[in-house]
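Topology and contacts: notes
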Amino acid sequence: SKFDKRVEPGDFILVAKFLTPQRWDLIVFQYPEDPTTTYVMRLVGFSGEKIHIEDGSVWVNGKKQTPPDSIHGIEYLSEFPDEYGPDLWGSLARPAILGDDEYFVLGDFSAQSKDSRYWEEGAPGNNPFAVPESHLIGVVTHTYWPSHRCRILR
């Protein structure tokens with residue numbers, strides 16, 4: 001059967017601090033605008049990459065990325081003209097160009113996630129849309145509660 005690989009509010013998760021994050025991993029990080037808050041989101045961009053979202057897909061340096069089968073069907077929105085205006089970070093008009101030791105993250109619930117696309121103020125010395133490597137806590141490897149959502153993510 002096909003499992004939902006997303007982490008939902010209330011899930012208990014295991015986080016590995018020793019793993020090197022890979023594209024499409026769920027990562028735990030300190031929110032750049034308020035480092036006392038932790039978030040879990042999907043890692044889609046790395047240092048030196050130019051990220052934009054087009055037709056529901058993530059593009060890196062002009063190449064469309066293919067997500068793993070486990071998250072097939074997630075579509076990422078690049079604009080919300082009625083609410084946020086046309087120029088979110090990672091849109092065609094406003095691509096996100098990541099600096100050294102920076103990540104770009106997206107929430108799996110694209111229309112409801114306050115992710116890299118929306119951030120206005122980043123960590124000191126970093127782009128506003130970026131999670132600095134210093135804010136990375138680890139990679140989500142398992143969901144272990146509630147029991148009906150137990151699964152290995154990586």
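Now for a description of the structure that goes with this document. All figures in this text were calculated on a predicted structure; none of them were measured in a lab.

Observations regarding the sheet that holds strand β4 (residues 50–54)
Taken in spatial order, the four strands of this open sheet run β6-β5-β4-β7, and their pairing is antiparallel. At either margin of the open sheet sits one strand with a lone partner, and together these are β6 (63–64) and β7 (96–97). With two bridges connecting them, β4 and β7 associate as antiparallel partners. When the sheet's bridge partners are listed, Ile-51 is paired in β7 with Ala-96.

What to know about the pairing of strand β10 (residues 136–145)
One ladder, built from five bridges, connects strand β1 (residues 12–16) with β10; its direction is antiparallel. By the bridge assignment for β10, Phe-12 is matched with Trp-145. Pairing of strand β2 (residues 26–31) with β10 involves three bridges; the strand directions are antiparallel. If you follow Phe-29 over to β10, its bridge partner there is Leu-136. In sequence, β10 turns back onto strand β11 (residues 151–152) through a hairpin of five residues.

A word on the pairing of β2
By the criterion of burial, β2 is predominantly enclosed, with five of the six residues buried. From the end of β2 to the start of strand β3 (residues 34–45), which pair antiparallel, there are two residues.

Points about the pattern of salt bridges
Under the counting rule described, the total for this entry stands at five salt bridges. Close ionic contact of Arg-154 with Asp-25 constitutes a salt bridge, the shortest N to O distance being 2.4 Å. Highlighted residues: Arg-154 in the segment after β11 and Asp-25 in the loop between β1 and β2, separated in sequence by 129 residues. Here Asp-25 falls in the buried class, since its relative accessible area comes to 9%. The closest approach of N and O atoms between Arg-117 and Asp-115, which form a salt bridge, is 2.7 Å. Exposure remark for Arg-117: the relative accessible area of 1% places this residue in the buried category. Residue classification places Asp-115 among the buried positions, given a relative accessible area of 0%.

What counts and what doesn't
- Residues numbered from 1 in each chain as written.
- Predicted model: local features only at pLDDT ≥ 70, side-chain atom pairs only at ≥ 80, totals over all residues.
- Heavy atoms only, no water.
- Pairing = 2+ DSSP bridges.
- Helix = DSSP H or I, 4+ residues; strand = E, 2+ residues; numbered from the N terminus.
- Buried < 20%, exposed > 50% of the residue type's maximum accessible area, 1.4 Å probe, protein only.
- Salt bridge = Lys/Arg side-chain N within 4 Å of Asp/Glu carboxyl O.

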